[in-house]
Amino acid sequence: MKKSIRIIGIVILSLLLIGSTAGCSLLGGSSDMPPTEITFYDIKISLPYGYIIDSTQSDEYLRVYEKGFYKSLIILSIDAFEGDPAEWLDGYADYLNQNGGTAERTTFMEHDAVYSVFTDKEGKLGREMMFIYNNYCYAVSLRGGTEQDFEDLLVTITLTEQAVEI
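Criteria and cut-off values
- Residues numbered from 1 in each chain as written.
- Predicted model: local features only at pLDDT ≥ 70, side-chain atom pairs only at ≥ 80, totals over all residues.
- Heavy atoms only, no water.
- Salt bridge = Lys/Arg side-chain N within 4 Å of Asp/Glu carboxyl O.
- Buried < 20%, exposed > 50% of the residue type's maximum accessible area, 1.4 Å probe, protein only.
- Pairing = 2+ DSSP bridges.
- Helix = DSSP H or I, 4+ residues; strand = E, 2+ residues; numbered from the N terminus.
- Contact = heavy atoms within 4.5 Å.
- Axes fitted to C-alpha atoms, helices over the stretch in contact; angles between N-to-C directions.
- Core = buried A, V, L, I, M, F, W, Y, C linked by side-chain atoms within 4.5 Å.

Student: Explain the pattern of salt bridges here, please?
Tutor: Oppositely charged side chains are able to pair whenever their charged atoms sit close together. Following the criterion strictly, the structure yields two salt bridges and no others. Between Arg105 and Asp112 there is a salt bridge, with its nearest N and O atoms 3.6 Å apart. Classification of Asp112 by relative accessible area gives partly exposed; the value is 31%.

Student: So what exactly am I meant to see when it comes to the sheet that holds strand 9 (residues 136-143) here?
Tutor: Within a sheet, adjacent strands bond to each other through the backbone by hydrogen bonds, running parallel or antiparallel. Read across the open sheet, the seven strands follow the order 3-4-5-9-8-7-6; overall the sheet is antiparallel. Lying at the two open borders of the sheet, with one neighbouring strand each, are strand 3 (52-53) and strand 6 (102-108). In terms of strand pairing, strand 7 (residues 111-119) meets strand 8 (residues 125-133) through seven bridges, oriented antiparallel. Looking at strand 8, one finds that Tyr115 is bridged to Met129. Relative to the sheet, helix 2 (residues 85-98) contacts strand 6, strand 7, strand 8 and strand 9, its axis offset from that of strand 7 by approximately 10°. Contacting strand 5 (72-80), strand 6, strand 7, strand 8 and strand 9, helix 3 (residues 147-154) crosses the sheet at an angle of about 140° to strand 9.

Student: For this particular structure, what's the right way to read the nonpolar core?
Tutor: Side chains that are nonpolar tend, in soluble globular proteins, to be buried together. Residues Phe131, Tyr138 and Val140 are the most contacted members of the largest nonpolar core, which totals 25 residues. Listed by contribution, the elements that provide at least two residues to this core are strand 1 (36-40), strand 2 (43-47), strand 5, strand 7, strand 8, strand 9 and helix 3. Of all the elements, strand 9 adds the most residues to this core, at four residues. Counting 11 residues, the second-largest nonpolar core is a separate cluster that includes Leu89, Ala93, Val114 and Cys137.

As structure tokens, this is what we get:
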């Protein structure tokens, strides 16, 4: 009799513990979590809550952040740049437009840039802002999110004056 009361007590305590944990998760929600602020060479960016780095695909010049088992990706890249930025970006936009994407020349934070929309190899709709800053070509890409998600990501970017050496 004592043993069955003890087992019932343990079961009830376990259920209360599980219920309270689930309740806290529902009440807290992920929307209260702050974004992750990172520095990638000369840019600082705030990644929305839930994105984690994929160290198997990332390296010194490419960072891949995934959310929801790769349902959404944020990709940051940098490459050294030489030449005329306007000519190079025009060529990049033409290349994307001729290969199934949509690209247009624009400015981003007062720098020459290309804004593009494309479908990646996995079939995800992607958006990218590529711009030239301090003789380096930066690309910020969101794959699997909405246009508003991408705009919200872009407004978090700030430029620094760090020296970059690749």
